[in-house]
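Observations on the model geometry
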Amino acid sequence: MASLQGSRPPLEFGGPLGAAALMLLLPATMFHLLLVARSGPARLLGLPPYLPGPEVLWSPQMLLLWLTWLGLQAAFYLLPARKVAEGQELKDKSRLRYPINGFQALVLTALLVGLAVCAGLPLGALPEMLLPLAFAATLTAFIFSLLLYLKALVAPASALAPGGNSGNPIYDFFLGRELNPRIWSFDFKYFCELRPGLIGWVLINLGLLMQEAELRGTPSLAMWLVNGFQLLYVADALWHEEAVLTTMDITHDGFGFMLAFGDLAWVPFTYSLQAQFLLHHPQPLGLPMASVICLMNAVGYYIFRGANSQKNTFRKNPSDPRVAGLETIPTATGRQLLVSGWWGMVRHPNYLGDLIMALAWSLPCGVSHLLPYFYVLYFTALLVHREARDEQQCLRKYGLAWREYCRRVPYRILPYVY
Ligand SMILES: NC(=O)C1=CN([C@@H]2O[C@H](COP(=O)(O)OP(=O)(O)OC[C@H]3O[C@@H](n4cnc5c(N)ncnc54)[C@H](OP(=O)(O)O)[C@@H]3O)[C@@H](O)[C@H]2O)C=CC1
Ligand SMILES: CC(C)CCC[C@@H](C)[C@H]1CC=C2C3=C(CC[C@@]21C)[C@@]1(C)CC[C@H](O)C[C@@H]1CC3
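Note that residues are indexed from 1 along each chain, following the sequence as it is written. Both sets of labels track the order of writing: A upward for chains, 1 upward for ligands. In view of the model being predicted, local features appear only for residues whose pLDDT reaches at least 70, and side-chain atom pairs are presented and counted only at 80 or more, with totals across whole chains, interfaces and linings using the full set of residues. Excluded from the side-chain calculations are hydrogens and water; all other atoms, namely the structure's heavy atoms, are used.

**Some words on the site of ligand 1**
For clarity, the cut-off: The cutoff for a nearby residue is simple: one of its non-hydrogen atoms must lie within 4 Å of the molecule or strand. Whenever a nitrogen or oxygen atom comes within 3.5 Å of another N or O atom, the pair is scored as a polar contact, on the condition that within protein one atom can donate a hydrogen and the other can accept it, and that pairs from neighbouring residues in sequence are kept only if both atoms are in side chains. Under the convention used here, a 1.4 Å probe and the Shrake-Rupley method define accessible areas, while residue burial counts only the protein chains that appear. Here a helix means four or more residues in a row that DSSP labels H or I, a strand means two or more in a row labelled E, and each is numbered from the N terminus. For the domain bounds, the source is a domain assignment made automatically or taken from a database.
Neighbouring ligand 1 are 25 residues; Y271, Y351, D354, R386 and Y398 lie closest to it. One of the backbone nitrogen or oxygen atoms of L338 is found 2.9 Å away from a nitrogen atom of ligand 1. The separation between an oxygen atom of ligand 1 and a polar side-chain atom of R386 is 2.6 Å. Protein chains bury 88% of the 920 Å² of accessible surface belonging to ligand 1 in isolation. Residue contributions to the shell around ligand 1 peak at eight residues, all from helix α15 (residues 374-398). Split by domain, the residues of the shell around ligand 1 number at least three in each of domain 1 (26-37 + 56-89 + 97-282) and domain 2 (284-418).

Shown next, in the form of C-alpha cells:
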C-alpha cells in the first residue's frame, strides 16, 4: 500500500469526525433545500414539507439520464482542444497536460440542447426531475469516491495528495488520497471540477426558466436576471479554464468525496436554488431595482475578473506590460507576491468580487425569505475557511515573505473589516 514519506500535515475539516459529519450533512442539506424551495413557506430553517420515500428518490431512468449526461460531457472533454496546457510541477518534477476545451463543451451543449428543444424535448419538465436526479448524482459521487479510494491503494506514493493520507479511512475517503487520478490522459478531478456540474447548473436554471414560461406565460424579470448572472459566471469559468490548474483543488487537495460530491451534486442542485425558489415563489421586480442589482453584479464581476486576471497574467509572465509596473515582494522560492493593484487592496480581492456577485444573485428573490440567501451564507463560510487554508499553505510556501505581505496588506477579504 502506498504511503507518504515525511511529516503529516495537520488534519482539516475537524478530522475523521468532522469528515463523517460532513458526509451526512452535505447531502442532507442539499435534499432539504430541494424540498423546501418548492414548499409554500420555503423556510430555510424549518422542517421540509415531507420526507420523500424511495419511490420518489430512486428512478433507474433518472440514473440513466444522469449517466448519459456524464458520458456526453466526457465525450466533449475528449474532443480535440484549442489548446493543451501544462499543470503545476508535481513532486516527481513532471507536469500533467490538460485539454482547454471547456468553453467548447458549453457551446456544444447549448447547440445540442437547442436542437433537442426545437425537436420537442420538454426541458421545462426538468424541475420535476430534480429530486431523483440529485439522488442519482449523490449515489454516483459515493460510488465514484469509493473507486477513487481503491485506485489510490495501488498508486505510487508520488501520486498522493499532501492531505487525505492520514491513515484514517473515513477522513481519507472524504478528502481524497490521489492528487490527480487519471486513466490514460483522462483527468477525473479536472473533468468534474468544471464540466458536468457547472454546465448542469445552467441547464437546470434554463429548465426552471422554461417551466416558469409554461406556467405564467413568460419568465419573470427576476428569473432572467438569475439565469443571466449565473450563465455569465459559468461561461467565464470555462473561458478561463486554464486558471483552475493553479487552484488548491487541483494542486493540493486529493480527489475524494468532498470534491466528487461538491462538483457533481452540490454545485448543480444547490447553486440553482435561487431559480428553484423563483419558480415556486414568483417575486415582483421593478426596472429600477433590477438596474441596481445588475450594477451590483457588474461591480462584483469587475473585481472578481480583474483580480483573477491580474494574478494569472503576473504568474504567467511578470514582465507583461499590464502588470510589470506593480509593486512586488520577492520570496525565497524565486516567485514574487503582488503587493499593489488588486492584490494590494486585500489579500483575496477575487473572493470579495465573488461574494458581491453572490449577493446580486439572491436579491432578485426579494427579501421576504431567507432561503434564497443560503448561497451567500454558505459561500461566505466556504471562502472564509478556504482563505484560512490558503493562508496556511502560503505561509508554508513563502515563510517570512508571506508575513511581510500580511503586514503590508492586513485585510483578508473586506477592506477595513476582515
Ligand atoms: N463559486 C464557488 O463555489 C467557488 C469559487 N471560487 C473562486 O475561484 C477562484 C480561485 O480561488 P482560489 O483558488 O481559492 O484562490 P486564489 O485564486 O485567490 O489563489 C490563491 C493563490 O494565489 C497566489 N497568491 C496569493 N496572493 C498573491 C499575491 N499577492 N500575489 C501573487 N500571487 C498570490 C498563491 O498561490 P501561488 O503563489 O502558488 O501562485 C495563493 O495560493 C476565486 O475567484 C474564487 O472566488 C473558489 C471556490 C469556490
Ligand atoms: C460541498 C462542499 C461544501 C465543498 C464543495 C466545494 C466545491 C463545490 C467547490 C470547490 C472549489 C470550487 C471551484 C469552483 C466551483 C465550486 C468548487 C468546485 C469554480 C469552478 C467556480 C467558478 C470559478 O470561476 C472557478 C472556481 C474554482 C473553484
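**So, the packing of helix α4 (residues 102-118) against helix α8 (residues 196-216)**
Here is the rule: Only the stretch in contact is used when a helix axis is fitted, and all axes are lines through C-alpha atoms; the angle between N-to-C directions ranges over 0 to 180 degrees. Each angle receives one of four descriptions, namely roughly parallel if under 35 degrees, roughly antiparallel if over 145, roughly perpendicular if within 65 to 115, and oblique otherwise. Left-handed describes a crossing whose near helix is turned anticlockwise from the far helix through less than a right angle; right-handed describes the clockwise counterpart. Pairs of residues are marked as contacts when any of their non-hydrogen atoms sit within 4.5 Å. In this classification, the charged set is Asp, Glu, Lys and Arg, the nonpolar set is Ala, Val, Leu, Ile, Met, Phe, Trp, Tyr, Cys and Pro, and all remaining amino acids, among them Gly, are polar.
Between α4 and α8, whose axes approach to 11 Å, the crossing angle comes to 30°. Looking at the two axes, α4 sits roughly parallel to α8. For the pair α4 and α8, the sense of crossing is right-handed. From α4, A105, L106, T109, V113 and V117 reach across to α8, where they touch I199, V202, L203 and M210. Of the residues assigned to the contact of α4 with α8, the class counts are eight nonpolar, one polar and no charged.

**Details of the side chain of R177**
Stated formally: For each residue, the accessible area found with a 1.4 Å probe, counting protein chains only, is set against the maximum for its type, and the residue is called buried under 20%, exposed over 50%, and partly exposed in between. Residues scored as charged are limited to Lys and Arg (positive) and Asp and Glu (negative), so that His and the chain ends carry no count. Think of a salt bridge as a Lys or Arg side-chain nitrogen and an Asp or Glu carboxyl oxygen that are within 4 Å of each other.
Note that R177 resides in the loop between α6 (169-175) and β3 (182-183). For the buried R177, no salt bridge is present, and the opposite-charge side chain at shortest range is D172, 4.5 Å distant. Within the structure, the side chain of R177 is placed 2.7 Å from the side chain of N165, a separation counted as a polar contact.

**Brief notes about the UniProt feature "transmembrane region" (unreviewed entry) in the chain**
Test applied: UniProt positions are given in the numbering used here, feature names are shortened, and annotations may be inferred rather than shown by experiment.
When the UniProt feature table is mapped onto this chain, "transmembrane region" (unreviewed entry) is found at residues 17-37, 57-79, 100-123, 129-150, 255-273, 285-304 and 355-379. The distance from the first to the last C-alpha atom of residues 57-79 is 34 Å, and the span holds 87% helix and 0% strand. Secondary structure within residues 285-304 divides into 90% helix and 0% strand; the distance between the first and last C-alpha atoms comes to 26 Å.

**Observations regarding the site of ligand 2**
Looking at ligand 2, there are 14 residues lining it, with E193, A237, D249, D263 and V267 nearest. Summarising the interface, the protein chains cover 84% of the accessible area of ligand 2, which totals 610 Å² for the free molecule. Top contributing element to the shell around ligand 2 by residue count: helix α11 (residues 257-270), with four residues. Its residues assigned to classes, the shell around ligand 2 shows nine nonpolar, one polar and four charged.

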